[in-house]
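Residue strings, one per chain:
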Amino acid sequence: VQLQACGGGLVQAGGSLRLSCAASGRTLSSYTVGWFRQTPGKEREFVSAIRRSGGSTHYATSVRGRFTISRDNAKNTVYLQMNSLKPEDTAVYYCAADSNIILSSIPSALRYNYWGQGTLVTVSS
């Protein structure tokens with residue numbers, strides 16, 4: 001499956017952005033899809049995920065209540081709605097997918113075999 005992430009940009013603190021992760025080649029509903037983010041010099045950090053089976057959603061503590069992940073199977077796309085953005089949310093955001101991830105491995109970037117290119121989110125104070 002090929003993934004393409006988009007939707008990043010520059011926004012003021014308190015604002016909102018919606019990231020999209022569009023898939024081609026395979027049906028994205030067959031995959032657990034995760035969003036990760038990375039800043040220079042730091043490890044890639046888990047943000048959110050939506051499971052292929054049942055569609056349960058998972059969030060990092062730092063974004064819970066502000067970010068919402070969802071799927072549109074008709075568009076073969078996963079979204080990350082980001083509200084109440086903070087300067088510390090500034091990062092390159094990546095979407096990733098895999099068809100075989102157990103619950104405990106969802107936050108682990110190493111478990112995802114397919115990655116999109118990053119999209120930069122910059123939140124100004």
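Relevant structure appears above.
A short tour of the structure in this document, coming up. (Residues numbered from 1 in each chain as written. Predicted model: local features only at pLDDT ≥ 70, side-chain atom pairs only at ≥ 80, totals over all residues. Heavy atoms only, no water.)

1. A look at the packing of aromatic side chains
Okay, so step 1: Scanning all chains against the criterion turns up six aromatic pairs.
Okay, so step 2: Summarising the aromatic geometry, the rings of F36 and W115 are spaced 5.3 Å apart at their centres and angled 50 degrees between planes, so their arrangement reads as tilted. Of the two residues, F36 sits in strand β4 (residues 32-38) while W115 sits in strand β10 (residues 114-115), which places them 79 residues apart along the sequence.
Okay, so step 3: For W115, a relative accessible area of 28% translates into the label partly exposed.
Okay, so step 4: Centroid distance Y94 to W115: 6.4 Å. Interplanar angle 75 degrees. Geometry classified as edge-to-face. Taken together, the residues Y94 in strand β9 (residues 91-98) and W115 in strand β10 connect sequence positions 21 residues apart.
Okay, so step 5: The class of Y94 is buried, set by a relative accessible area of 17%.
Okay, so step 6: The side chain of R44 reaches across the aromatic face of Y94, ending 3.8 Å from its centre.
Okay, so step 7: Positioned above the aromatic ring of W115, the side-chain terminus of R44 is 4.8 Å from the ring centre. (Phe/Tyr/Trp six-rings, centres within 6.5 Å; stacked < 30°, edge-to-face > 60°. Helix = DSSP H or I, 4+ residues; strand = E, 2+ residues; numbered from the N terminus. Buried < 20%, exposed > 50% of the residue type's maximum accessible area, 1.4 Å probe, protein only. Lys NZ or Arg CZ within 6 Å of the ring centre and 35° of its normal.)

2. Quick look at the state of the cysteines
Okay, so step 1: Here the structure, examined in full by the defined rule, presents one disulfide.
Okay, so step 2: Here C21 is linked by a disulfide to C95, with a sulfur-sulfur distance of 2.2 Å. Because the sign of the S-S torsion sets the handedness, a value of about 75 degrees for the bond joining C21 and C95 places this disulfide among the right-handed ones. Taken together, the residues C21 in strand β3 (residues 17-24) and C95 in strand β9 connect sequence positions 74 residues apart.
Okay, so step 3: Unpaired in this structure, C6 has its nearest cysteine sulfur neighbour in C21, at a distance of 8.9 Å. (Disulfide = S-S within 2.5 Å.)

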